[in-house]
Structure formats: C-alpha cells, structure tokens
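These are the residues of each chain, in order.
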Amino acid sequence: MDPIQVAVAQLAITVAEPDANRQAAADAVAEAAAVGARLVVLPELCDSGYVFDSADEARSLAAPAADSATLRQWHDLAARHGLVIVGGFCELGADGRTYNSAALVDASGTQAVYRKAHLWDKEKLVFTPGDAAPPVVDTEVGRVAVMVCYDLEFPEWARQAALDGADLIAAPVNWPGYRWPAGERPAEVIKAQAAAALNGVFVAVADRCRTERGVSWISGSLIAGPDSYPLAGPVLADRPTVLTAACDLAWARDKSVSEHNDLLADRRPELYAGTPDKRVAAATAHWAARFVANGTSYPDFEATLARIGRWDDWCREWGRTARHYEELAESAEAAGRTVTAGEAWRRAALCWHWGKFVFTDHPEEQRAAHERTVACFRRGAGTLGPPAEPVRVPYAGSTLAAYLRVPPGPPPPIVIMIPGLDSVKEELQATAEHMLRRALAVIAIDGPGQGEAEYEFPIEPAYERVVTAVADYLKGRDDVDPDRMGVFGVSLGGYYAARSAAYEPRVRAAVELAGPYRFDLDWDMLPAQTRTTFQVRSGAASPAQARERAAALTLEDAAARITCPLLVAHGGRDRLVPAYHAERLAREAPGAELLLDPDGSHGLTNHAFESRAAMADWLAARL
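Residues numbered from 1 in each chain as written. Predicted model: local features only at pLDDT ≥ 70, side-chain atom pairs only at ≥ 80, totals over all residues. Heavy atoms only, no water.

### Some remarks on the overall build of the protein
Along the protein, the regular secondary structure elements total 18 helices and 23 strands. Against the globule reference of 25 Å for 623 residues, the protein gives a C-alpha radius of gyration of 28 Å, in line with a compact fold. With respect to the principal axes defined by its C-alpha atoms, the protein has extents near 85 × 55 × 50 Å. Taking all 623 residues of the protein together, 56% fall into the buried category. Summed over its atoms, the accessible surface of the protein is roughly 24800 Å², and 51% of this surface lies on carbon and sulfur atoms. (Helix = DSSP H or I, 4+ residues; strand = E, 2+ residues; numbered from the N terminus. Rg over C-alpha atoms; globule rule 2.2 N^0.38 Å. Buried < 20%, exposed > 50% of the residue type's maximum accessible area, 1.4 Å probe, protein only. Areas by Shrake-Rupley, 256 points an atom, 1.4 Å probe, with all protein chains shown as cover.)

### Some points on helix 4 (residues 155–163)
Because an α-helix completes one turn every 3.6 residues, residues spaced three or four positions apart along the sequence face the same direction. Those residues of helix 4 that sit buried are Trp 157, Ala 158, Ala 161 and Ala 162. All buried residues of helix 4 project into a common sector of 140° when viewed along the axis, lining one side. Looking at helix 4, the residues exposed on the side facing more than 90 degrees away from the buried face are Pro 155 and Glu 156. Of the surrounding secondary structure, the elements contacted by the buried residues of helix 4 are strand 5 (109–115), strand 6 (136–138), strand 7 (143–146), strand 8 (168–172) and helix 5 (187–199). At the exit of helix 4 stands Gly 165, carrying a positive phi of roughly 95°. (Arc of directions from axis to C-beta. Contact = heavy atoms within 4.5 Å.)

### Things to note about the packing of helix 4 against helix 5
In contact at an axis separation of 10 Å, helix 4 and helix 5 are set at 40° when each is read in the N-to-C sense. Taken together, the axes of helix 4 and helix 5 lie oblique to each other. Considering how the two elements wind past one another, helix 4 and helix 5 form a crossing that is right-handed. Contacts between helix 4 and helix 5 involve Ala 158, Arg 159 and Ala 162 on the former and, on the latter, Ala 195, Leu 198 and Asn 199. Here the contact of helix 4 with helix 5 is composed, by residue class, of 4 nonpolar, 1 polar and 1 charged. (Axes fitted to C-alpha atoms, helices over the stretch in contact; angles between N-to-C directions. Parallel < 35°, antiparallel > 145°, perpendicular 65-115°, else oblique. Left-handed = near helix turned anticlockwise from the far one by under 90°. Nonpolar A, V, L, I, M, F, W, Y, C, P; charged D, E, K, R; others polar.)

### Observations regarding the sheet that holds strand 20 (residues 485–490)
Pairing within the open sheet is mixed, and its 8 strands lie in the order 16-17-19-18-20-21-22-23. Strands at the two margins of the open sheet, each flanked by one partner only, are strand 16 (389–395) and strand 23 (592–597). Recorded for the sheet is a direction-independent mean angle of 20° between the axes of neighbouring strands. The pairing of strand 22 (residues 566–571) with strand 23 spans 6 bridges and is parallel. When the bridges of strand 23 are listed, Ala 569 appears paired with Leu 595. Where helix 18 (residues 608–622) meets the sheet, it contacts strand 18 (414–418), strand 20, strand 21 (507–513), strand 22 and strand 23, and its direction lies at approximately 170° from that of strand 21. (Pairing = 2+ DSSP bridges.)

### Quick word on the pairing of strand 13 (residues 241–247)
Remark: a regular strand shows side chains that alternate across the two faces of the sheet. Of all 7 residues in strand 13, 5 are buried; the element is thus mostly enclosed. Pairing of strand 1 (residues 4–12) with strand 13, which is carried by 7 bridges, proceeds in the antiparallel orientation. Each bridged residue has a counterpart across the sheet, and for Ala 7 the counterpart in strand 13 is Thr 244.

### Observations concerning the environment of Arg 115
Relative to the helices and strands, Arg 115 resides in strand 5. Its relative accessible area of 24% is what places Arg 115 among the partly exposed residues. The spatial distance from the C-alpha of Arg 115 to the C-alpha of Val 35 is 31 Å, given a sequence separation of 80 residues. Not counting chain neighbours up to four residues away, the residues in contact with Arg 115 comprise Glu 91, Gly 93, Tyr 99, Asn 100, Ser 101 and Gly 130. Separated by 2.9 Å, the side chains of Arg 115 and Glu 91 make a polar contact. (Polar contact = N/O pair within 3.5 Å; in protein donor to acceptor, adjacent residues only side chain to side chain.)

### Some details on the pattern of salt bridges
Under the defined criterion, the tally for this structure stands at 48 salt bridges. A salt bridge links Asp 53 to Arg 213; the nearest nitrogen and oxygen atoms lie 3.4 Å apart. Residue Asp 53 is found in the loop between strand 2 (37–41) and helix 2 (55–61), and its partner Arg 213 is found in the loop between strand 10 (208–209) and strand 11 (222–224); the two are separated by 160 residues along the sequence. In this structure, the salt-bridge partner of Asp 67 is Arg 72, at a minimum N-O distance of 3.1 Å. (Salt bridge = Lys/Arg side-chain N within 4 Å of Asp/Glu carboxyl O.)

### As for the nonpolar core
When a protein is soluble and globular, its nonpolar side chains tend to lie buried together. Residues Ile 416, Ile 443, Ile 445, Phe 534, Ile 562 and Leu 585 are the most contacted members of the largest nonpolar core, which totals 58 residues. Excluding anything up to four places from it in sequence, Leu 585 contacts Ala 498, Glu 512, Tyr 517, Leu 555, Ala 559, Ile 562, Leu 566, Val 568 and Ala 592. Residues Met 147, Ala 161, Leu 168 and Trp 175 belong to the second largest nonpolar core, which totals 53 residues. (Core = buried A, V, L, I, M, F, W, Y, C linked by side-chain atoms within 4.5 Å.)

### Focus on the pairing of strand 22
Counting buried positions over the 6 residues of strand 22 gives 6, a clear majority of the element. A two-sided burial pattern is seen for strand 22, the buried positions comprising Leu 566, Val 568 and His 570 on one face and Leu 567, Ala 569 and Gly 571 on the other. Here strand 21 runs beside strand 22; their pairing, made up of 4 bridges, is parallel. Bridging from a neighbouring strand, Leu 513 pairs with Ala 569 of strand 22. Handedness of the crossover is the feature at issue here: the chain leaves strand 22, passes through helix 17 (residues 579–588), returns alongside strand 23, and the resulting connection is right-handed. (Right-handed = clockwise from strand over helix to strand, strands pointing away.)

### Remarks on the packing of helix 10 (residues 338–356) against helix 11 (residues 363–380)
Two elements in contact, helix 10 and helix 11, have axes whose closest approach is 7 Å; the angle formed by their N-to-C orientations is 160°. Of the possible angle classes, the one that applies to helix 10 and helix 11 is roughly antiparallel. For the crossing formed where helix 10 meets helix 11, the hand is left-handed. Residues Gly 342, Trp 345, Arg 346, Ala 348, Ala 349, Trp 352, His 353 and Lys 356 of helix 10 pack against Gln 366, Ala 369, His 370, Arg 372, Thr 373, Cys 376, Phe 377, Arg 379 and Gly 380 of helix 11. The class makeup of the residues in the contact of helix 10 with helix 11 is 7 nonpolar, 6 polar and 4 charged.

### Quick notes on the environment of Ala 592
In this fold, Ala 592 is placed in strand 23. When its relative accessible area of 21% is taken as the criterion, Ala 592 is described as partly exposed. Separated by 86 residues in sequence, Ala 592 and Arg 506 place their C-alpha atoms 17 Å apart. In this structure, Ala 592 is in contact with Leu 566, Val 568, Leu 585 and Ala 586, ignoring residues within four places of it in sequence.

### A look at the packing of aromatic side chains
Within this structure, the stated rule accounts for 26 aromatic pairs. The interplanar angle of 70° and the centroid separation of 5.0 Å between the aromatic rings of Trp 287 and Phe 357 together place this pair among those described as edge-to-face. Here the residue Trp 287 occupies a position in the loop between helix 6 (278–286) and helix 7 (288–293), and Phe 357 occupies one in the loop between helix 10 and helix 11, the gap between them amounting to 70 residues. The burial state of Trp 287 is the same as that of Phe 357; both residues are buried. Aromatic pair Phe 519 and Trp 523: ring centres 6.2 Å apart, planes at 85°, arrangement edge-to-face. An aromatic cluster is defined as three or more aromatic residues linked by ring pairs; in this entry it consists of Trp 287, Phe 291, Tyr 298, Phe 301, Trp 311, Trp 314, Trp 318, Trp 354, Phe 357 and Phe 359. The positively charged end of Arg 115 is found above the aromatic ring belonging to Tyr 99, 3.8 Å away from the centroid. If you follow Arg 367 out to its NZ or CZ, it ends over the ring of Tyr 455, 3.9 Å from the centre. (Phe/Tyr/Trp six-rings, centres within 6.5 Å; stacked < 30°, edge-to-face > 60°. Lys NZ or Arg CZ within 6 Å of the ring centre and 35° of its normal.)

Interpretation in functional terms is not warranted from these geometric data alone.
Set out below in structure tokens:
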C-alpha cells in the first residue's frame, strides 16, 4: 500500500440551508482533490445543520439514503475526482424515524450508511439511535470505519472497528464549544488521539465552525496517526479549512508496539468482564424500570441479572428468585402472617412472569413458569386492598380470566385494564392502585394471546370483541356501575384500548398508553424477542406470516371513529413504539388529547408515578 492523502474539511454550516451546505461541501472536496486527496471526511449533519428548533424541523430536512440529494452529490463528486467521501447527513429511515447518519460513498455509489448509536444531549429528543456496529468498508484506499461524533468517545466502539480490521476511523463530528484550560487541548481532541493510539489506527475527524443559533464549536478538525500524534491539526480556530496529511495506512495493520508486544494480540479477553448474549444485554439495559415500576425490587432485578449469562438461563434464574419468595410465603402462612404471605406470593408471581413473558425458546419451561405465575398470584390476591377477586368472563364459547377489584362505597365507575403483547393481568395491579385510590373499580383481563388465554386463543386484532364481552359480564354485577365504563391499555394493549373505544359504544373514556398506530410499521426495528413472541402469540407459522398478521393491528379505519374522550400517552424515547404513532392517533381521533413526555420510555415506566397519577386523574374526571 502506498501512502495516500487524507483530507478533513472543516465547514461553516447553516441549519435549514441544505443547498448552501452542499455547495460548501462540494467546494471543500474540490479543494482537497486538487492537492491529491483520495479520502475526504466531511462534518456531522453537514447537509441539514445541527441546532434544530424541533424534531419536526429535523424531519423536514431529512431524506431516505436511497433518495438523498446529498448522497447523490457525493457520488458525483467521488466519481469526478476519483476519491472516497465520508460525511454526515440527516436520514429519514424507511421506518419513519429520523437518524443522525453518516455514509461512505465512492465512485460506484453509496457503500455504507451508519446510524449514530450514541446520541448526545438533545439529539435524544430528535433522533433514534442506531443499533449496528460501525461499518468497516474495504475501499480502494484502504479499510475505512465510519462513526459519528460522540461514538468516538466510547472505547468499545473504536475497539470494535479495530478488531474488524479498520485502518482508519473516519468521524464526522459537531463538537459544541466550551472553555478549556490554557495550554491544553479540548478533551474531545485528546479522546480522538487516544482512540488512535489504543487501537493502532488512523483517526480523521471533520469538525465545523461558525456559530449556529447561538451554539459555537470547538473547530477541532484533525488527522491523528496510529501513535496518537497529529499529522494535521487540530485547527482550534473558527474558520473553514481543509487539512490534508499523507497517511501510510499499512502502518495501521502492524499492531506491534515493541519486539514482544502487540496491541490486539496481547489482549486477555478471558480476564475481562464477560459479555452476555445480546438478549441478556438488552434486558439489562432496558427492562429495569418496567420491572421495578410493576412491583419487583431493584435489588432482585440486579441479583437475578447477575446470575444470567445466557438467554437459556433467563426463565430458570427468575424462577430461582421466585422460589425464594414462595418459601417466604409458605413460612409466613404457617406462622399466621397473612399480609406478609400475600405480599410474598405476589412477588413470586411477578418473578415467574418475568421469567416467561418473552421466553419462547423452551415452550415447556415457559408454560410451567406461566402456571406458577397464575398460582402464586391467586394465593396472594385476597390480601390486596381491596382484594382481587378472580372472575371468568364468557367469551367465544369459553371464558377469559380476570381480576376484579372494587373500592368500598356505592357502585363506582369501572376501568377495563388491558395488558400488552407480553404483559398480563397480574402485572397491571401496580397501575390499578392509582385508579382504586380515585374510587375507580378495575377489572384486569387476559385476552386472546395474553396470560391465561395465550394457549387457547391467538391474538385478536378486533379486541373490541373482548371489551364487549367484559361489558356484558359487568351488566350482571351490582357492585359496579357499568354505565360509567372506561378502558386502559398499555403497549399493544394501548392499541386494543383505542380500537375498543372506536367500536364499543359503551366505552365512556379510554387511555391509550404506548400503543402502536399500526404494529408492522416498525417491525424490523423491534427486538428479536418481541417479534418472536408476537409470532407465537398470534399463531403465525413463520416470521413472514407474523409480519402480515402484525399489519392487521391497525387503527387506520378506527381512529376517526373514536369520539369518546381519549388520552394518548407516550414517551418521546420509546424504543419499541416511536412517538409518531401517538402523534398520528391524536391527530386523527376526534376525541383525543396527547400526553407526550419527551424523556419517557416505553410505557412511561421511567416516570411511573407522574404518568400513572395523571392517567388515573384523567379517567376519574371523565367517569
């Protein structure tokens, strides 16, 4: 390999001026090409700008990678000048989400699109994070990895690129400005140099300049060699410039640092913290808030996850935690401590539920955990206040299991509580407490594909049939007022609640929490466990058929029919159901109002008290 000229272009970018920004990029590429550059790196979001007024503004400036004027321009420039371009652009995904992306483009076209995985500050309110490792592309000039800005500050990300064979990491960045000690370099520059040294790779960073909507920039563009030392830059001046440096990329393929040492060969991964499989890692990262908000202690979550290294251990280890509470319950019962026993039985039930809720790999183990969920909760249901009465609702020639809880006093309004794809009536009781304290009765039900019904009935897109069956059942009760009936549903149950409000006229008010507008719109972005669970619960014979059945869960015709009061509650950081589902439903349903928490997770479990209190207050006011 002969040394090549690498260029980084520090540009003055203006938000919402894509034509001017593209022209600035084209001029910089031409300047770099004139001095022999074979690889040019452009800044982050260099077509759209960075300091958006809102997520809507970013979305208006985004384009699909396959139809991006920016990427077409880079293709033309790469072909004209015979070089490779890496730069950041604002991408509209096929899933309808907006991404902070970067592309590697050469004379033959776009070779890779990478979506920024680590979002900085308010980017989290605008973009969806990517979930793929940085691509390493074998180009005519060498093996080039692509990542964006804050990604570069995570040692694991640069190390992954090095392990995948990268010679050079190309990093489009927008480093916001701040003051640093005199005589020192900005920390971001130091981290970029450290990434080069720790992994024995070249690092080329293209930053930006000029103030944008009151935000200034470090303007720290640089090219660092595998020994960390700058070959060009850092600029550290508020001006557009193109830096170039001769880079012998073969250097990055020699990881030796002494006669007896090699950066990668000397690693001792067997001594480092074990890496759990992806499903366990995802559970650890995303499920704590849900488990704790619904009644499992955080120490139990931590202790159980610490024992799980493989997904195959998931159900078994949650069963181990559950058995601890079963033993406590039995001891308390034997001593006549009924309140303690009831609480322990319910904790055991939740642990069994967590073990089985998306555990489809071993059906017999899953079914056994399900049965323990039901049995344990039933033994603790009577010590709740008010007690949870197990009832059976006639449905389709069979019955559906439910728990009815009625506060003291005259017959109160009642809320039908609907679980989601992987939740059950037992899990809903923590939310039910907020409604009960506001003198609302609740009936939490396992419908088709849920809990006790999941082995008898597949998922039912027309869930109003279930709500109609419950409404008919409630007519025979004299302890509740069925004429003041609401529905509440979470996650896929949110879709069920909205659908029921459209087609069952006895629904007086409805809360749709974190539900999809149409379940297949983000199918490819759903976790593998979720897709597989839907396949099993819907009775689909294949992943393709599961996707087809997910498309049947849609509010496209139903939304306009929802005339009763509807509260659409959603989190802006929902990684399962993006907020645009809620926004669309709120626009189309005549009776809707939107409660959107920009920082909220799926089901708003990270803000459980605030959201549950608000939803219960809303229902109480309308029923």
